[in-house]
Amino acid sequence: MADENIIDGKAFAADLRARIGEAVTQLKAQHDLTPGLAVVLVGADPASQVYVRNKNKATLEAGMQSFEHVLPDTTSQEELLSLIERLNSDDAVHGILVQLPLPDQIDEQAVIDAIDPAKDADGFHVINTGRLAAGGDAMVPCTPLGCLMMLKDRLGDLSGKEAVIVGRSNIVGKPMAQLLLDANCTITICHSRTADLPATCRRADILVAAVGRPEMVRGDWIKPGAAVIDVGINRVPKPGEEGKFRLVGDVAFDEAKDVAGVIAPVPGGVGPMTIACLLANTVTAACRQKGIEPPAL
Ligand code: NAP
Ligand code: L37
């Protein structure tokens, strides 16, 4: 398969961030509005630290305000909830993201519930998942939104396509299924109890893998010509290099790339798009809060 069948998520995300930057310039000039994003990290999970740093950097580069809150892993639920209360009532903050996972003493659902749905840049609040399911102006979770944008860019109209999603989490699998359903795909959602996963995957015109198991999806699970989106982020030891890791997805890339029509790799696929979509969500949230029509991005 030639390289043009590999989706360059990094380049796609850079383009999207540039369009967001232009929209922000216009919002400042025309409405005196600078979208602001607050990112909250509790504890010192190394992967979360990398993502939060990248989110902060991308926010500033797009001309937006970034408010980073790094709290120790001993933070109590009350302390975190009181920070969220402050961010909810801060007019400079239009988007709030609490990076998951949270330490054990904190109830994740209680924290998500406490975020003002209008500022819920992750789209995890039940008001937003409800709106996504029922129709309405939802904030849409960043990772599935990024996957959908890449699929539409490569395939155009998705109507009538068979989409198989492996994974049913609230963060990725379920909202991904909802978005593909809204795009008129026929949906199958797989999980750990699915009876024959390889056979189900082989039906897919669009296959999204969001499992968290390194290279689980093999080349012979893929229908020739299918679009494959690998969401998985797995750190595996580098053979022969003690203490070093490499990043692999949920799809065995070297096998899959020869069968798939297009494929989003790991790294350099969905990850960068997740961050760009977070910025897009913050701009959308800021506009809605000010009664301005959000820009088409
Ligand atoms: P999660 O909450 O752990 O969910 C994993 C899903 O995979 C569950 O629904 C689980 O089924 C299913 N599963 C596990 N083992 C399976 C198996 N052997 N066969 C079939 N299904 C299986 O994970 P998540 O938060 O959705 O994340 C999934 C992956 O995406 C992780 O690698 C994560 O790091 C990555 N991720 C990447 C981004 C990004 O921006 N690139 C963003 C978020 C997450 P059950 O429901 O039956 O347990
Ligand atoms: N919105 N996203 C949101 N909220 C959360 O609570 N946990 C979580 C979340 N997940 C998340 O941020 N995931 C994520 C995963 C990968 C990247 C960014 C965000 C990413 O940039 N990946 C790069 C590689 C980065 C690396 O070297 O580790 C990639 O190219 O895939």
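Overview of the structure. Note that the structure is a prediction, hence the values are computed from the model and not measured.

## A word on the site of ligand 1
Lining the immediate environment of ligand 1, one finds 20 residues, of which Arg168, Ser169, Ser192, Arg213 and Thr274 sit closest. Between ligand 1 and threonine 143 there is a distance of 3.4 Å, counted from an oxygen atom to a side-chain nitrogen or oxygen. Between threonine 274 and ligand 1, the recorded distance is 2.6 Å, taken from a side-chain N or O atom to an oxygen atom. Taken by itself ligand 1 offers 930 Å² of open surface, and the protein chains cover 69% of this. Its residues placed into classes, the shell around ligand 1 shows eight nonpolar, ten polar and two charged.

## With respect to helix α3 (residues 77–88)
Helix length check: α3, at twelve residues, gives a terminal C-alpha distance of 16 Å against a target of 16 Å (1.5 Å per residue), a fit within 8%. Within the span of α3, buried status applies to Gln77, Leu80, Leu83, Ile84, Leu87 and Asn88. Each buried residue of α3 sits inside an arc of 140° when the element is viewed along its axis, so together they form one side. Residues of α3 that are exposed and point over 90 degrees away from its buried face: Glu78 and Arg86. Against the buried residues of α3 lie β1 (36–42), β2 (65–71), β3 (95–98) and α4 (108–114).

## A short note on the nonpolar core
Counting 56 residues, the largest nonpolar core has Ile20, Leu158, Leu180, Val208, Ile229 and Val231 as its most contacted members. With eleven residues, helix α10 (residues 270–290) is the single largest residue contributor to this core. Those residues in contact with leucine 158, other than ones at most four positions away along the chain, are Leu148, Leu151, Lys152, Leu180, Ala183, Asn184, Cys185 and Ile206.

## Comments concerning the state of the cysteines
By the definition in use, this model includes zero disulfides. In this model cysteine 185 remains outside any disulfide bridge; the closest cysteine sulfur is found in cysteine 147, 13 Å from its own. Not engaged in a disulfide, the cysteine cysteine 190 finds its nearest cysteine sulfur in cysteine 201; these two sulfurs lie 5.4 Å apart.

## A few points about the packing of helix α6 (residues 142–155) against α10
Packing of α6 against α10 brings their axes to within 8 Å, and their N-to-C directions diverge by 110°. Relative to α10, the element α6 lies roughly perpendicular. In this structure, α6 contributes Cys142, Thr143, Leu145, Gly146, Cys147, Met149 and Met150 to the contact, and α10 contributes Val270, Met273, Thr274, Cys277, Leu278 and Asn281. Residue composition of the contact of α6 with α10, by class: nine nonpolar, four polar and no charged.

## Points about the pairing of β3
The side chains of a regular strand alternate, first on one face of the sheet and then on the other. Here β3 shows a buried face lined by Gly95 and Leu97 and a second buried face lined by Ile96 and Val98. Note: β1 against β3, four bridges, orientation parallel. Opposite leucine 37, over in β3, you have glycine 95 as the bridge partner.

Calculation rules
- Residues numbered from 1 in each chain as written.
- Chains lettered and ligands numbered in written order.
- Predicted model: local features only at pLDDT ≥ 70, side-chain atom pairs only at ≥ 80, totals over all residues.
- Heavy atoms only, no water.
- Near = heavy atom within 4 Å.
- Polar contact = N/O pair within 3.5 Å; in protein donor to acceptor, adjacent residues only side chain to side chain.
- Areas by Shrake-Rupley, 256 points an atom, 1.4 Å probe, with all protein chains shown as cover.
- Nonpolar A, V, L, I, M, F, W, Y, C, P; charged D, E, K, R; others polar.
- Helix = DSSP H or I, 4+ residues; strand = E, 2+ residues; numbered from the N terminus.
- Expected span 1.5 Å × (residues − 1).
- Buried < 20%, exposed > 50% of the residue type's maximum accessible area, 1.4 Å probe, protein only.
- Arc of directions from axis to C-beta.
- Contact = heavy atoms within 4.5 Å.
- Core = buried A, V, L, I, M, F, W, Y, C linked by side-chain atoms within 4.5 Å.
- Disulfide = S-S within 2.5 Å.
- Axes fitted to C-alpha atoms, helices over the stretch in contact; angles between N-to-C directions.
- Parallel < 35°, antiparallel > 145°, perpendicular 65-115°, else oblique.
- Pairing = 2+ DSSP bridges.

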